Amino acid sequence: MKRLRWLVCWFGICTFGILLIFAIPGLPPVGDVSHPYRDLAVRAAVEHATANTVASVNFDTRAFDTLGEEAIFFTAVLGAIALLRPARHEKDRRLPHSGRVLASTRLAGYVFLGITTVVGWDVVAHGHLTPGGGFQGGIVAGSGLHLAYVAGNYSVLQRIRPLRLLEIGEAAGVVGFIGIGLAGLVCAGSFLTNFVPMGILGGFLSGGTVALLNAVVGLEVGCGVVMLLSRFLEQDLVMT
Amino acid sequence: MRSMAYFPYFVAGWLMVMGAVGIVWSRNLVRAIVCLSVTQSGTYVLLLAIGYQRHAVAPILGAQDENTRPLVDPVVQAMTLTDIVVSAGVTALLLAIAVQVARRHRTTDPDQLSTLTG
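Computed from a prediction, not measured in an experiment: that's the story for all the values here.

## What to know about the environment of A108 of chain A
So, point 1. Topologically, A108 of chain A is positioned in helix α5 (residues 103–125).
So, point 2. Separated by 118 residues in sequence, A108 of chain A and V226 of chain A have C-alpha atoms that sit 21 Å apart.

## Details of the confidence of the model for chain B
Residue and element names in this part refer to chain B.
So, point 1. Across chain B, the average pLDDT comes to 87, with 91% of residues at or above 70.
So, point 2. Per-element confidence in chain B is highest for helix α2 (residues 29–51), whose mean pLDDT is 93, and lowest for helix α3 (residues 74–105), whose mean pLDDT is 89.
So, point 3. Scored as a whole, the predicted complex attains pTM 0.86, and scored at its interfaces, ipTM 0.84.

## Description of helix α6 (residues 134–144) of chain A
So, point 1. Buried within α6 of chain A are the following residues: G134, F135, G137, G138, A141, G142 and G144 of chain A.
So, point 2. Packed against the buried residues of α6 of chain A are α3 (53–61), α4 (63–83), α5, α7 (147–151) and α10 (209–233) of chain A together with α3 of chain B.

## As for α3 of chain A
So, point 1. For α3 of chain A, the tally of buried residues reaches 8 of 9 residues, placing the bulk of the element in the interior.
So, point 2. Looking at α3 of chain A, one finds that the buried residues are T53, V54, A55, S56, V57, N58, F59 and D60 of chain A.
So, point 3. Among the structural elements, α2 (36–47), α4, α6, α9 (163–188) and α10 of chain A together with α3 of chain B are those in contact with the buried residues of α3 of chain A.
So, point 4. Structurally, the start of α3 of chain A carries an N-cap: the backbone nitrogen of V54 of chain A is 3.1 Å from a side-chain oxygen of N52 of chain A.

## Re the packing of α5 of chain A against α6 of chain A
All names here are of chain A.
So, point 1. Where α5 meets α6, the closest approach of the two axes is 7 Å, and the angle between their N-to-C directions is 165°. Accordingly, the angle class assigned to the pair α5 and α6 is roughly antiparallel. Judged by the sense of rotation from one axis to the other, the crossing of α5 with α6 is left-handed. Of α6, the residues touching α5 (which contributes L113, T116, G120, W121, V123 and V124) are G134, Q136, G137, G138, V140, A141 and G144.
So, point 2. Residue composition of the contact of α5 with α6, by class: 6 nonpolar, 7 polar and no charged.

## Description of the pattern of salt bridges
So, point 1. Under the criterion given, the structure shown has 8 salt bridges over all chains.
So, point 2. One salt bridge connects R164 of chain A with E167 of chain A, and the closest N-O pair in it is separated by 2.8 Å. On the criterion of helical spacing, the pair formed by R164 of chain A and E167 of chain A is a turn pair, its members being 3 residues apart in helix α9.
So, point 3. A salt bridge links D111 of chain B to R27 of chain B; its shortest N-O distance comes to 3.4 Å. Linking D111 of chain B in the segment after α3 with R27 of chain B in the loop between α1 (7–25) and α2, this pair joins segments that are 84 residues apart in sequence.
So, point 4. Via salt bridges that share partners, K2 and R5 of chain A together with R27, D109 and D111 of chain B belong to a single interconnected network.

## Things to note about the interface of chain B and chain A
So, point 1. At the interface, 51 residues of chain B touch 57 residues of chain A.
So, point 2. At the boundary of chain B with chain A, total buried surface from both sides reaches about 4600 Å², with 72% on carbon and sulfur atoms.
So, point 3. Contact with chain A buries area across many residues of chain B, yet V24, L61 and R103 of chain B alone supply 14% of it, more than any other trio.
So, point 4. For D111 of chain B, the salt bridge is made with K2 of chain A, and the minimal N-O distance between the two is 3.2 Å.
So, point 5. Put simply, chain B and chain A have 14 residue pairs in polar contact (both at pLDDT 80 or more) between them.
So, point 6. For the side of chain B that touches chain A, the secondary structure elements donating two or more residues are α1, α2 and α3 of chain B.
So, point 7. The leading source of residues in the side of chain B that touches chain A is α3 of chain B, at 21 residues.
So, point 8. When the residues that make up the side of chain B that touches chain A are grouped by side-chain class, the tally is 34 nonpolar, 9 polar and 8 charged.

## Some thoughts on the side chain of E170 of chain A
So, point 1. Among the structural elements, E170 of chain A can be located in helix α9.
So, point 2. Excluding residues within four positions of it along the chain, E170 of chain A makes contact with F74, V77, E220, C223, G224 and M227 of chain A.

## Some thoughts on the nonpolar core
So, point 1. Within the largest apolar cluster, 40 residues are counted, with the highest numbers of intra-cluster contacts made by F59, F73, F135, F177, L213, V217 and V221 of chain A.
So, point 2. At the level of elements, α3, α4, α8 (154–159), α9 and α10 of chain A together with α3 of chain B are the ones that each hand at least two residues to this core.
So, point 3. Considering each element in turn, this core owes the most residues, 10 residues, to α10 of chain A.
So, point 4. Sequence-distant contacts of V221 of chain A, defined by excluding residues within four places in its chain, comprise F73, G134, F135, G138 and I139 of chain A.
So, point 5. With 6 residues, the next largest nonpolar core counts I24 of chain A together with A5, Y9 and A49 of chain B among its residues.

About the criteria used
- Residues numbered from 1 in each chain as written.
- Chains lettered and ligands numbered in written order.
- Predicted model: local features only at pLDDT ≥ 70, side-chain atom pairs only at ≥ 80, totals over all residues.
- Heavy atoms only, no water.
- Helix = DSSP H or I, 4+ residues; strand = E, 2+ residues; numbered from the N terminus.
- pLDDT = per-residue confidence, 0-100.
- Buried < 20%, exposed > 50% of the residue type's maximum accessible area, 1.4 Å probe, protein only.
- Contact = heavy atoms within 4.5 Å.
- Polar contact = N/O pair within 3.5 Å; in protein donor to acceptor, adjacent residues only side chain to side chain.
- Axes fitted to C-alpha atoms, helices over the stretch in contact; angles between N-to-C directions.
- Parallel < 35°, antiparallel > 145°, perpendicular 65-115°, else oblique.
- Left-handed = near helix turned anticlockwise from the far one by under 90°.
- Nonpolar A, V, L, I, M, F, W, Y, C, P; charged D, E, K, R; others polar.
- Salt bridge = Lys/Arg side-chain N within 4 Å of Asp/Glu carboxyl O.
- Buried area = accessible area lost by both parts, 1.4 Å probe.
- Core = buried A, V, L, I, M, F, W, Y, C linked by side-chain atoms within 4.5 Å.

Structure, rendered in structure tokens:
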């Protein structure tokens, strides 16, 4: 059984390797000057006054794909939370208990808790101007919240983490994305059209719907990460 | 120099193959999930290698002298970005499944999960 598994594995890898060796010369050499998609994407970003061309691709040109990707993240979080619920025969989980925390660790934790939260939402808010956006900022802000657990203890984290509210926030993020898309359908005639006035390239109020979509994605990802980690933190497994 | 122009593609292929070998090799579900992440990293290298241009700057307008210097391809960067986020979500889902398996069967060794329990 085991030998058969390795045989199949090596057969697959050898086939993949041979195909790869034949395929790679057909790819454009790395560092080449010809990037037709780049030229089109940059032109589209300039037309819609979005300084961060990556955000322009994600939330303007390919906004519909991003809706799909946001939905994948949403359902993955939903699935993980459903799987990590306590089963019927299990009592309420023992909550993670923290040991002694050094005063310096505590101080650093609380200082960085503030900084990380601000940086996270700053990355979301400027997603249409500078590198970053809803996905990255949401992850930073959501996981930064757990510094309260590192610095203090679990009850501190529970106090600053209203799970009911976060549930609503996560759902509101997805609904908001679809809502902005439908608003585009009503105002401009097609789903997820960038229908808001574009502003001036580089200004804070620019890029039209890109900034709005960044904000709702940031809300969804930030809330989702906190809910996800809350379930993982309450797992108290003893493996033998 | 000519061979170096294709080197990142081989790195991408190498990462994918090593991740796949790791999944087959794994005697622990958590390790298999980490190996899946390595496999996915191969796609990031592939995408970024396709979009790279020598002496080009980051695809942010107005930050640098992009009038004189070209930008790297933002399309593949956008794909890589969403890929990373989605893979983080999917990794969390897989880890949740691993936790559930460990809870039900008291093992995370895939080879010992052959018996059916109802």
